[in-house]
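Listed below, chain by chain, are the residues.
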Amino acid sequence: MSAQIIDGKTIAGKIREEIKEEIEILKKKGTVSSLSAIQVGEDPGSAVYIRSQRKSCEAVGIGYKLHQFDSSVSQTEMTEFIGKLNGDRGVSGIILQMPLPQALDARSLQAAIHREKDVEGVSAANMGMVVFGRPILGPCTAMAVMKLIKSTGVNLYGREAVMVGHSDIVGKPVALLLLDKFVTTSVCHIATGERGTLPDYVKRAEILIAAVGKAHLIKGEWIRKGAIVIDVGINRVEGKIVGDIEFEAAKERASYITPVPGGVGPVTTAILLKNTIEAAKLRVS
Ligand code: NAD
């Protein structure tokens, strides 16, 4: 039997409805939520992302402000500007658009964002709360993965999960969030691939998450029958966006599967909006 498709757009729509209600309550209390994005230089990829952020914010009633800088801006100037946004009570959340020019140290600029305004959840403080199992502003994509898994209603306790990819923003936090639900979790990465043992791991997974960035790296025949399959990967192949997993073949073995596009992506954006509201609440509490 073919897997049930986990519809990220519907889940994102539900999150947005909850956000709209929260915004109304906040407005009555005189709290306005707003997101400030910082862009340095002119990366075409981040321009697309910025347009979609603005549209998503406006659709729910979150203010959106873009601050653009020339690629010659210095680390000190950027740090000072972030400091100004940190101190501005009208700013609930701050996003630093990636990529940044090579001359800037992205990690230390990200660290300059106040943890209560770090709506991407990438600061050491917010990642630390993931380790403790109590994310406040959690890393958006990792939180989206957990939301998608939860939407299946499957009891996770004692299950076996395999996380393919160990990035700071997806693979590592997803693994920690799963551990917190008592899921036995393996994390695979490039060295697993090079050793040739990736199929052995994937075959064990009752819950499989891929965040690699290599089109169709994970073969449909590796998928364990009845698995929950979450594909984070975004790859462009012959003008089409595809994931890291062979969707059509995997669908025939999994019990639940996310499509690409329309799975993790829309939920990630919705979590960003949710974090912005949470950040607005932190500012007034
Ligand atoms: P990354 O690019 O920082 O790291 C890639 C990971 O894949 C590393 O852990 C690496 O070791 C591993 N890897 C590479 N080749 C491998 C192989 N052959 N076998 C096993 N592991 C291998 O990861 P990222 O930033 O988490 O991004 C991963 C993918 O997810 C990208 O396609 C990115 O565009 C996408 N992404 C999507 C969203 C979303 O909202 N949908 C958000 C973030 C990232």
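Residues numbered from 1 in each chain as written. Predicted model: local features only at pLDDT ≥ 70, side-chain atom pairs only at ≥ 80, totals over all residues. Heavy atoms only, no water.

Visitor: In this structure, what is going on with the site of the ligand? I would like to understand it.
Guide: Among the 21 residues in the neighbourhood of the ligand, the closest are listed as H166, S167, I190, K214 and I234. With respect to the ligand, the side chain of S167 contributes an N or O atom lying 2.6 Å from an oxygen atom. T268 places a side-chain nitrogen or oxygen 3.1 Å from an oxygen atom of the ligand. A total of 850 Å² of accessible area belongs to the ligand in isolation, and the protein chains cover 75% of it. Of all elements in the fold, only helix 8 (190-195) and helix 11 (264-284) reach the threshold of two or more residues within the shell around the ligand. No other element matches helix 11, which puts 3 residues into the shell around the ligand. Partitioning the shell around the ligand into residue classes produces 10 nonpolar, 10 polar and 1 charged. (Near = heavy atom within 4 Å. Polar contact = N/O pair within 3.5 Å; in protein donor to acceptor, adjacent residues only side chain to side chain. Areas by Shrake-Rupley, 256 points an atom, 1.4 Å probe, with all protein chains shown as cover. Helix = DSSP H or I, 4+ residues; strand = E, 2+ residues; numbered from the N terminus. Nonpolar A, V, L, I, M, F, W, Y, C, P; charged D, E, K, R; others polar.)

Visitor: Please explain the packing of aromatic side chains as it appears in this structure.
Guide: How two aromatic rings sit relative to each other is set out by the distance from centre to centre and by the angle between their planes. Summed over all chains, the structure comprises 2 aromatic pairs. Considering the side-chain rings of F69 and F81, the 4.9 Å spacing of their centres and the 70 degrees angle between planes classify their relative orientation as edge-to-face. Of this pair, F69 sits in strand 3 (residues 63-69) while F81 sits in helix 3 (residues 75-87); the two residues are 12 residues apart in sequence, bridging distant segments of the chain. Taking relative accessible area as the criterion, F69 reaches 22% and is therefore assigned partly exposed. (Phe/Tyr/Trp six-rings, centres within 6.5 Å; stacked < 30°, edge-to-face > 60°. Buried < 20%, exposed > 50% of the residue type's maximum accessible area, 1.4 Å probe, protein only.)

Visitor: Would you take a moment to explain the environment of K172 for this structure?
Guide: Within the element layout of this structure, K172 appears in helix 7 (residues 171-179). Judged by its relative accessible area of 40%, K172 is partly exposed. Along the sequence, K172 and S71 sit 101 residues apart, while their C-alpha atoms lie 31 Å from each other. Residues contacting K172, with those up to four places away along its chain left out, are H166 and S167. (Contact = heavy atoms within 4.5 Å.)

Visitor: Would you explain the sheet that holds strand 8 (residues 228-231) in this entry?
Guide: Hydrogen bonds between backbone atoms are what pair the strands of a sheet, whose relative direction is either parallel or antiparallel. Taken together, 6 strands build an open sheet; the order of strands is 1-11-8-7-5-6 and the sheet is parallel. The sheet terminates laterally at strand 1 (4-5) and strand 6 (184-188), the two strands that pair on one side only. Bridge count for strand 1 against strand 11 (residues 256-257) is 2 bridges, and the pairing is parallel. Residue pairing across strands places Q4 opposite Y256, the latter belonging to strand 11. Those strands touched by helix 7 are strand 5 (160-164), strand 6 and strand 7 (207-210), and its axis lies near 170 degrees from that of strand 6. (Pairing = 2+ DSSP bridges. Axes fitted to C-alpha atoms, helices over the stretch in contact; angles between N-to-C directions.)

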